[in-house]
Every structure is written in C-alpha cells, then in structure tokens.
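# Reading the structure
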Amino acid sequence: MNVLVVEDDEMILEGIKYSLTQEGYQVLAAMSVAEAMEVIHGSTPIEFCLFDVMLPDGNGFEICTEMRKTSKVPIIFLTACDDEVSTVRALELGADDYIAKPFRIRELMARMKAILRRYEGSAQMENVVSVGANIVNLQTAKVYRNQEEIILTAMEYKLLLVFIQNRGQIISRNRILDLLWDDVGDFVNDNTLTVYIKRLRKKLEDTDETNLIQTIRGMGYRLN
C-alpha cells in the first residue's frame, strides 16, 4: 500500500517513514504543499495519506482539498494545532482522523489499521476507484462524474478495467488487444482499439490538461 506522508519536520518524517516501511507500507514523502501536489498528480497511485497542517508554503488543508477532488482514500492529519477549529475543519474537508503532536507511532499505526478496517468493511477501497474526476464502482460496473452516471459501452468499460488493473504501468497495444480478446471473446483489431481509446478518453473528459490515459510514444499507454 502506498502512503503519502506530508511533514516538514525531517526527524518526524524519517521516524514515520521507518515505522511504515517496517509494517510493509510503501512511503511517498513530501515536505511542502508543492511537493505533495507533484506526488498527487503523478503516476503512482496513493492509497493512504498522512498530512501535517502547518507547512512552509501553505497548509495540509489545501492538499486535502485537492486530494478529495478525485479520491476517497483515507486521510489522517498529524499536527501540533490541537484546537477545535482545526479539528472541525479537517473533518469537514473529508479527513478520517486527526492526531495531535506529540503522538506515539504505535497509536498512529493502530488508528491507520482501524480506518483501513472501516474502509474494507464498507468495500470502499476494494470496489471504488477514481480516474481523474471520475469514480468507478467496480462492484456495479458503473462510472460517475459529479454524481452523474457516465454511460460506457461494454467494450469501453472492459478497456477501462484493463487500464485500472495495470494502473501506473506502461501497457502495449498488443497486450491490451490480448486482454480484451481473452476477456470478452470479441474480435478487436488495432484500428478499432484506436477508436475505443478515443471514445473512452472523451467520455472520461481526458484532455491534454488532465492527461488520464497517457500515450507513451513507441511503447503504449499508461493510466495516471
């Protein structure tokens, strides 16, 4: 599981990184709002977030707001600002928990695991993924944006699943064709694949700015 940790105190950051790594997590570290935004908009999927409030170039609330535009992953705030106003604001922005400094690593781990159990119990992490501003419910095979359903054909949805299942990885056109053939048993050639990708991008509002399905020249595609 990839965990984004945003903390400007290097000693605290290193302690959290070490403890999370020991527990088997993969840590993506940032020490500012700018660095965090780069990670959020990068190609590596984020599955849990730990945000400090006070940062050199802003605050964790900004990062939380940006994250919640496209993702429902768990978020915990770690901060010295142990006051009611900050706590309420964090929760209103969509945070799952709020831990005041100083805290014990064992307490942090326990709270993370409790939140993960809650998410798993509601099937949110397993059955719902975000692709840009689009929400894909894998259990119902439906796609939404701004709470409105986006209608995909069966092949378009199968293609979307191929990208989701290989998210962050470059997947060649031949591999995509193999997976579509194996999955649905329909004939899809190189030309029709181009049409399906074009239609899927349009329906997901994949533009040069959002760059959801990235074309890697000479290699294939990658879902960011």
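Structure first, text after, so check above.
Scope of this entry: the structure provided in the associated data block. Values in this document were obtained by computation on a predicted structure and should not be read as measured data.

This next bit is on the pattern of salt bridges. If you walk through the whole model with that rule in mind, you get 11 salt bridges. For K101, the salt bridge goes to D52, with nearest N and O atoms at 3.4 Å. Of this pair, K101 sits in the loop between β7 (97–100) and α5 (105–121) while D52 sits in the loop between β3 (48–51) and β4 (54–55), placing them 49 residues apart in sequence. The salt bridge involving E156 is made with K203; its shortest N-O contact spans 2.7 Å. Of this pair, E156 sits in helix α7 (residues 154–165) while K203 is found in helix α9 (residues 190–203), placing the two residues 47 residues apart along the sequence. By relative accessible area, E156 is classed as buried at 1%.

Turning our eyes to something else, we now look at the packing of helix α2 (residues 33–40) against helix α3 (residues 60–67). Pairs of packed helices are described in terms of their axes, by the angle between the two and the distance that separates them. One way to put it is that α2 packs onto α3 with a least axis distance of 10 Å and a crossing angle of 15°. With respect to α3, the element α2 is oriented roughly parallel. For the pair α2 and α3, the sense of crossing is right-handed. Contact with α2, carried on its side by V33, A36, M37 and I40, involves E62, I63, E66 and M67 of α3 and no other residues of that element. Split by residue class, the contact of α2 with α3 holds six nonpolar, no polar and two charged.

In this section: the packing of aromatic side chains. One pass over the structure, following the stated rule, counts four aromatic pairs. An angle of 75° between the planes, with centres 6.4 Å apart, marks the rings of F163 and Y221 as edge-to-face. Remark: Y221 occurs in strand β13 (residues 220–223) and F163 occurs in helix α7; sequence separation between them is 58 residues. Residue F163 shares its accessibility class with Y221, and that shared class is buried.

The subject of this paragraph is a negative patch on the surface. A surface patch of like charges, here negative, comprises E35, E38, D57 and E62. Among the secondary structure elements, E38 is positioned in helix α2.

In terms of nonpolar packing, the biggest core is built from 26 residues, with L160, F163 and I176 touching the most fellow members. Counting only elements with at least two residues in this core, the list comes to β8 (128–131), α7, α8 (173–184), α9 and β13. At eight residues, the largest contribution of residues to this core is made by α7. Beyond its immediate sequence surroundings of up to four residues, F163 is in contact with I171, I176, L200, I213, Y221 and L223. Counting residues in each nonpolar core, the second largest holds 23 residues, with V39, I46, C49 and F51 among its members.

About the cut-offs
Residues numbered from 1 in each chain as written. Predicted model: local features only at pLDDT ≥ 70, side-chain atom pairs only at ≥ 80, totals over all residues. Heavy atoms only, no water. Salt bridge = Lys/Arg side-chain N within 4 Å of Asp/Glu carboxyl O. Helix = DSSP H or I, 4+ residues; strand = E, 2+ residues; numbered from the N terminus. Buried < 20%, exposed > 50% of the residue type's maximum accessible area, 1.4 Å probe, protein only. Axes fitted to C-alpha atoms, helices over the stretch in contact; angles between N-to-C directions. Parallel < 35°, antiparallel > 145°, perpendicular 65-115°, else oblique. Left-handed = near helix turned anticlockwise from the far one by under 90°. Contact = heavy atoms within 4.5 Å. Nonpolar A, V, L, I, M, F, W, Y, C, P; charged D, E, K, R; others polar. Phe/Tyr/Trp six-rings, centres within 6.5 Å; stacked < 30°, edge-to-face > 60°. Patch = residues over 30% accessible without salt bridge, like charges linked within 9 Å, V, L, I, M, F, W, Y side chains within 5 Å. Areas by Shrake-Rupley, 256 points an atom, 1.4 Å probe, with all protein chains shown as cover. Lys, Arg positive; Asp, Glu negative; His and termini not counted. Charge placed at Lys NZ, Arg CZ, Asp CG, Glu CD. Core = buried A, V, L, I, M, F, W, Y, C linked by side-chain atoms within 4.5 Å.

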